[in-house]
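Structure assessment
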Amino acid sequence: MIKVVIVGGGSAGWMCAAGLVAVLPRSHYQVTLIESDEIGTVGVGEATLPALKDFNDLLGIDESNFMRETRATFKLGIEFRDWDLPGDRYVHPFGSFGQLWGGIEFQHHWMRARQRGLNPDRFEAYSCAIRACQRNAFEFPDSQFTRSTHYAYAYHFDATLYADYLRRWAIGRGVQRMEGQVTEVALHPESGNIATLTLKSGARIEGDLFIDCTGFRSLLLGQTLGSEWQDWSHWLPCDRALAVPCERSGDLTPYTRSTAQTGGWIWRIPLQHRTGNGYVFSSRFISEEDARETLLRQLDGRALAEPKLLRFRAGRRVHAWQRNCVGIGLASGFLEPLESTSIFLIQRAIQDLLRLMPVTGAADLADRRLSDEFNRGSDALYDRIRDFLILHYVANRRSGQPLWDHVRAQELPPSLRHKMRLFEVRGHVPYYKDGFFSRDSWLAVLFGQGLRPAAYDRMADGVPLAQLDAGMRELLDRIHAHVEQMRPHSEVIENYCSDVPAARQVASL
Amino acid sequence: MTAGAPREVILVGRDAPVWLAACVLQQALGTAGVKITVVELPSRLQAADVYATLPALEPLHTRLRIEESKLIGVTRGAFTLGKRFVDTSGSAPAFFHAYGSHGARIEQKEFLPCWLRARKLGLQVGLEDFCLTAAAAKQGRMLVPDSQIEAHGFTDYAYHLSAIAYSALLKFIALKRGVAAHQAREARAVLHADGAIAGVELEGDRRIDGDFFLDATGEEGQLLSALAVQRASWRDHFVADRVLAAHGASIHPVPVYSEVRAWADGWVALYPTQMSTHICVAYSSAFLSDETALQAAARVAGTALHGAAVRACEPGRRAVAWERNCVAIGQAACVFDPVHSVDLQAVQVGLVHLLHLFPVQADYGVERAEYNQNIRSAFERIRDFQCAHYLLNRFGNSSFWTRAREQVLSPELTHKIATFRARGDVAYYEDETFMIDDWQALLIGHGVIPESYDPAVERTSPEVTQRELGRLLSFIRAKVEEQPSHSDYLQTVCATTPRA
């Protein structure tokens with residue numbers, strides 16, 4: 001029997017506990033989670049990525065039930081406002097742009113159509129998901145969709161309710177929950193592995209594998225084992241967030257909104273019962289007071305609480321798995337939630353851990369061969385997401401604003417500089433075997449932030465111009481017809497997962 | 001496209017690499033106004049040379065509109081579903097590396113851990129017995145996918161092609177499609193003042209100018225050498241420095257796989273075609289003379305050999321494959337060890353990457369950087385696959401194989417083998433040519449049995465696992481019986497085309 005001890009009970013802790021009991025054989029693993037009611041979790045509204053559906057499916061969670069319990073809504077993308085210049089808007093959709101002709105990616109055909117005077121619509125018009133966002137429409141995707149109408153969806157939900165939901169789910173399936181604060185961590189004298197935790201109550205908990213979900217404190221991985229911190233705050237200087245819920249107003253948008261500000265950016269996440277808002281800012285460039293005032297001024301409904309302050313720092317632990325301890329969530333790294341990656345990073349870490357989980361009878365539960373592979377995947381993921389986030393801060397014309405001027409003056413990671421050059425020269429976007437983000441995501445942000453390729457892939461010339469013209473028109477018609485059939489997002493929510501669908505329906509008769 | 005993008009592309013080289021490059025570039029860029037000209041140097045091919053291809057070639061041919069019936073009909077080649085590796089000392093069992101997946105998921109779990117667990121519980125059936133492609137190959141049958149097979153898993157195939165016949169076919173196609181060509185005994189790069197290539201001088205005072213060049217001249221990489229690109233030796237990774245090619249008697253019926261037989265001083269590969277069996281022998285001059293090698297090879301191959309030709313093999317990679325306005329393709333960019341016969345695959349990898357980065361303006365430094373990085377990692381991952389084959393051999397007391405076990409490994413391969421040994425998980429990198437199933441076949445085949453496996457499979461009851469494994473074996477048996485014999489299949493395919 002392997003005893004797995006998870007410390008910390010926010011989204012990371014409970015997602016991890018649920019993932020482990022859902023997948024591992026209970027005859028071989030015992031999962032304990034220690035959490036303290038005295039320690040608050042970050043728990044603000046959360047916007048997610050489409051991969052979360054895979055995680056819930058792995059658990060066998062019923063979607064409509066989960067959405068009802070967490071007051072969730074659907075999400076087809078993120079709208080970015082004012083990022084390049086004031087008044088600009090673009091959507092990073094969870095879906096494709098256009099289609100391939102002759103094996104050549106769509107952006108090259110679009111560029112060619114423009115250069116050859118075919119007057120194509122704007123690039124974003126060729127995305128089904130973007131059009132749905134613009135019309136506040138939603139429909140469940142069909143697995144039969146062709147590339148031109150392909151999209152996926154994610155959720156907005158209350159992360160605290162999600163953790164509660166998973167807590168009940170996991171405890172019902174054998175996870176042992178312990179209330180208490182860890183006050184002491186004892187290492188094995190010879191191996192240096194973590195051996196025992198002591199709680200405030202004096203209780204001692206032994207374990208074989210420890211999972212650090214203690215958030216920024218990184219109690220086990222950082223404080224105890226001293227896993228080195230790699231700082232990225234010169235590229236991503238935001239180090240605070242003020243979060244505040246407000247009353248729901250207006251249409252229920254099927255997207256997260258991110259509006260650029262002089263000192264950072266403001267998120268807006270629509271839930272069923274309220275709207276989550278927050279200002280992610282850099283304390284070097286704006287005071288907390290100014291940030292609070294700006295945030296409250298921009299709410300589209302009455303504030304439901306006092307803004308809550310969070311502190312953080314961009315970067316990651318060099319070794320997310322060290323000895324017999326795996327850091328998951330903020331304990332292993334932090335990237336601001338600009339592209340809704342927090343829960344995704346937790347999910348990926350859990351999936352990788354499951355793949356590489358130490359087994360009973362293993363000679364060494366801190367097998368370097370397994371942790372090396374875990375860390376290799378984690379490094380690649382963090383690095384690529386980091387590049388994607390920095391792109392938003394450097395590809396823009398917000399000059400004269402100190403935060404933005406500062407980031408644009410930084411020497412970029414060579415990997416990002418190279419990607420941007422490849423796009424500017426020829427519309428080329430990176431492809432990773434299994435990394436993040438996808439080509440379509442890069443396209444959305446590269447185009448959205450105002451970059452334009454100077455030329456297109458010459459292989460696109462293989463498609464006869466008349467055929468391209470007809471193809472582009474037909475594509476647009478197909479996307480329009482497709483979105484036409486979707487329902488209003490609020491209607492789908494009401495029918496599918498709202499608390500009060502029946503009552504409202506009766507009242508509206 | 002903006003001003004200054006290359007329009008006149010000169011391909012200098014010989015044999016299949018230069019003509020495959022010509023076909024690919026003409027097809028992809030001809031409509032963009034790019035003019036393709038080949039300067040053809042004298043062939044270096046011997047009658048016994050063979051291209052034992054990998055599965056990726058077939059989709060490339062489809063894209064180039066090269067019909068399979070014509071390919072097989074004209075070259076009198078054969079299909080192959082994989083390779084069988086035999087240790088003639090008997091110190092390790094023979095195994096199959098087939099171009100298809102192993103087993104199928106059981107209760108949504110990957111097959112390999114299910115097999116590992118069943119093995120721990122006493123299962124005696126080998127991994128390759130769960131590979132439909134390998135099972136068909138062993139029975140001398142081609143595998144023609146139907147909807148059941150497609151739902152079951154992945155299967156693919158490749159070819160054995162006489163190198164001379166295949167090169168001639170590609171040349172014929174390229175010329176027919178409008179590629180201009182010049183024959184020359186020698187070609188010498190002429191440089192601009194800025195160091196880029198201006199053109200090539202041929203004997204007889206001919207000069208062909210262009211703005212972009214492909215070097216497919218072979219291992220000496222004439223154009224890249226003129227640009228002073230250094231070559232890094234891979235000698236530390238590979239023992240064999242001699243390669244012998246010969247013809248052996250044809251085998252009837254024609255096997256639908258190749259066989260690689262390790263003997264004390266190297267290995268002998270048998271690549272059957274409809275005309276003969278091409279024999280490829282790799283050994284080290286440190287331990288064996290060419291004459292003794294020929295005798296030993298005949299003995300190991302079990303056939304009289306004729307038309308033998310020996311050449312030196314010095315594996316190594318150019319520091320960059322793309323320098324200034326010249327891209328090296330094939331051996332000009334990288335000389336691989338002969339195991340797994342990856343030469344044509346390397347040509348293809350080079351061309352496919354080039355297409356997606358073909359310059360669109362006069363300054364293409366960023367494309368060049370991307371290309372060199374991609375090609376480097378693609379070639380190194382291919383090298384890893386080859387290295388693993390030598391490193392993991394279990395041949396007994398032999399200078400050749402002992403040295404092979406002591407070769408230098410890349411950090412990536414070290415990590416890959418370690419992870420597989422620990423967990424049965426293939427650490428998969430960017431730009432890999434060989435797929436996870438290939439790695440599993442190779443590593444398991446060489447006896448790397450993982451110490452543990454994904455614990456999630458323990459949730460499936462042993463009875464369910466046993467039943468599913470039995471069902472898979474029955475499915476494979478039944479499906480193989482439905483398949484046409486390789487000979488019949490060859491006949492059907494060839495019947496659809498007139499003989500050249």
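For clarity, every value in this text was computed on a predicted model and none was experimentally measured.

1. Some words on the overall build of chain B
- When helices and strands are tallied, chain B shows 16 helices and 22 strands.
- The C-alpha atoms of chain B give 23 Å as radius of gyration, which agrees with the globular expectation for 500 residues (23 Å, within 12%).
- Expressed along its principal axes, the backbone C-alpha trace of chain B runs to roughly 75 × 50 × 50 Å.
- Expressed as a percentage of the 500 residues in chain B, the buried residues total 53%.
- Considering only contacts within chain B whose residues lie at least 6 apart along the sequence, 77% involve residues at least 24 apart.

2. Remarks on the overall build of chain A
- Counting secondary structure elements, chain A contains 16 helices and 24 strands.
- Taken over the C-alpha trace, chain A has a radius of gyration of 24 Å; the compact-globule value for 509 residues is 23 Å, and the two agree within 12%.
- Each principal axis of the C-alpha atoms in chain A carries an extent, and together these give about 75 × 60 × 50 Å.
- The burial tally for chain A puts 52% of its 509 residues in the buried class.

3. Focus: the sheet that holds strand 4 (residues 78-80) of chain B
All names here are of chain B.
- Spatial ordering of the open sheet is given by 3-7-4, a layout of 3 strands whose pairing is antiparallel. Edge positions in the sheet fall to strand 3 (50-52) and strand 4, since each has one partner strand and no second. Looking at each pair of strands side by side, their axes are set apart by 20° on average, direction ignored.
- Of the pairings in the sheet, the one linking strand 4 to strand 7 (residues 158-162) comprises 3 bridges and is antiparallel in character. Note on strand 7: the bridge partner recorded for Thr80 is Ala158.

4. What about the nonpolar core?
- Core analysis: the biggest nonpolar cluster contains 318 residues, and Ala17(A), Leu11(B), Ala21(B) and Ala22(B) have the highest contact counts within it.
- When near neighbours in sequence (up to four residues on either side) are disregarded, Ala21(B) contacts Leu11(B), Leu214(B), Ala216(B), Ile329(B) and Leu351(B).

5. Notes on the interface of chain B and chain A
- On the side of chain A, 29 residues touch chain B, which itself brings 29 residues to the contact.
- Elements that contribute at least two residues to the side of chain B that touches chain A include exactly helix 1 (15-29), helix 11 (365-391) and helix 13 (411-423) of chain B.
- The dominant element in the side of chain B that touches chain A, judged by the number of residues it contributes, is helix 13 of chain B, at 5 residues.
- Within the side of chain B that touches chain A, the residues separate by chemical class into 16 nonpolar, 6 polar and 7 charged.

6. Things to note about the packing of helix 1 (residues 11-23) of chain A against helix 9 (residues 342-355) of chain A
Residue and element names in this part refer to chain A.
- Helix 9 packs onto helix 1 with a crossing angle of 35° between their chain directions and a minimal axis gap of 10 Å. Both helix 1 and helix 9 take part in a crossing whose hand is right-handed. Two secondary-structure elements touch here, helix 1 through Ser11, Ala12, Met15, Cys16, Gly19 and Val23 and helix 9 through Ile343, Ile346, Gln347, Ile350 and Leu354.
- Across the contact of helix 1 with helix 9, the residue classes break down as 8 nonpolar, 3 polar and no charged.

7. Details of the pairing of strand 7 of chain B
- Of all 5 residues making up strand 7 of chain B, 5 are buried, and the element is well covered by its neighbours.
- Judged by which residues are buried, strand 7 of chain B turns out to be covered on both faces: Ala158(B), His160(B) and Ser162(B) on one side and Tyr159(B) and Leu161(B) on the other are all buried.

8. What about helix 14 (residues 465-484) of chain A?
Residue and element names in this part refer to chain A.
- The end-to-end C-alpha separation of helix 14 is 29 Å, in line with the 28 Å expected for 20 residues at 1.5 Å each.
- Taken as a whole, helix 14 has its buried residues at Leu468, Met472, Leu475 and Ile479. Projected down its long axis, helix 14 shows its buried positions confined to an angular sector of 60°, all on one face. Exposed residues on helix 14 whose side chains face more than 90 degrees from its buried face are Ala466, Gln467, Ala470, Glu474, Asp477, His480, Ala481 and Glu484.
- Buried residues in helix 14 make contact with helix 4 (106-115) and helix 5 (128-134).

9. A look at the sheet that holds strand 22 (residues 325-327) of chain A
Residues and elements named next belong to chain A.
- Read from one edge of the open sheet, 6 strands run 9-2-1-13-22-21, paired in mixed fashion. Since the sheet does not close on itself, it has two edges, and those belong to strand 9 (176-179) and strand 21 (321-322), each with one partner.
- In terms of strand pairing, strand 21 meets strand 22 through 2 bridges, oriented antiparallel. Paired with Trp321 across the two strands is Val326, which belongs to strand 22.

10. What to know about the confidence of the model for chain A
- In this model, chain A carries an average pLDDT of 94, and 96% of its residues clear a pLDDT of 70 or more.
- In the model, residues 505-509 of chain A has pLDDT below 50 throughout and makes 0 contacts with residues more than four positions away in sequence or in other chains.

11. Notes on the packing of helix 2 (residues 51-59) of chain A against helix 9 of chain A
Residue and element names in this part refer to chain A.
- Relative to each other, helix 2 and helix 9 sit at 45°, their axes nearing to 10 Å. Between helix 2 and helix 9, the angle is such that the two are oblique. As helix 2 packs across helix 9, the resulting crossing turns out to be left-handed. Taken together, the residues of helix 9 that come into contact with helix 2 (itself represented by Ala51, Leu52 and Phe55) are Ile343, Phe344 and Gln347.
- Along the lines of polarity and charge, the residues of the contact of helix 2 with helix 9 split into 5 nonpolar, 1 polar and no charged.

12. Description of the environment of Met435(B)
- For Met435(B), the location among the structural elements is in the loop between helix 13 and helix 14 (436-445).
- Along the chain, Met435(B) and Phe212(B) lie 223 residues apart, while their C-alpha atoms are 33 Å from each other.

13. Considering unusual backbone geometry
- With an omega of -10°, the peptide bond between His252(B) and Pro253(B) qualifies as cis.
- Assignment of secondary structure puts Pro253(B) in the loop between strand 14 (242-248) and strand 15 (258-263).
- The backbone of Asn119(A) sits at a positive phi, close to 50°, despite the residue not being glycine.
- Positionally, Asn119(A) belongs in the loop between helix 4 and helix 5.
- At Ser341(B), a position not held by glycine, the phi torsion is positive, near 40°.
- Position of Ser341(B) relative to the elements: it lies in the loop between strand 22 (334-335) and helix 10 (343-356).
- The exposure class assigned to Ser341(B) is buried, which follows from the 22 C-beta atoms found within 10 Å.

Definitions and cut-offs
- Residues numbered from 1 in each chain as written.
- Chains lettered and ligands numbered in written order.
- Predicted model: local features only at pLDDT ≥ 70, side-chain atom pairs only at ≥ 80, totals over all residues.
- Helix = DSSP H or I, 4+ residues; strand = E, 2+ residues; numbered from the N terminus.
- Rg over C-alpha atoms; globule rule 2.2 N^0.38 Å.
- Buried ≥ 20, exposed ≤ 12 C-beta atoms within 10 Å, placed from the backbone.
- Contact = placed C-beta atoms within 7 Å.
- Pairing = 2+ DSSP bridges.
- Axes fitted to C-alpha atoms, helices over the stretch in contact; angles between N-to-C directions.
- Core = buried A, V, L, I, M, F, W, Y, C linked by C-beta atoms within 7 Å.
- Nonpolar A, V, L, I, M, F, W, Y, C, P; charged D, E, K, R; others polar.
- Left-handed = near helix turned anticlockwise from the far one by under 90°.
- Expected span 1.5 Å × (residues − 1).
- Arc of directions from axis to C-beta.
- pLDDT = per-residue confidence, 0-100.
- Parallel < 35°, antiparallel > 145°, perpendicular 65-115°, else oblique.

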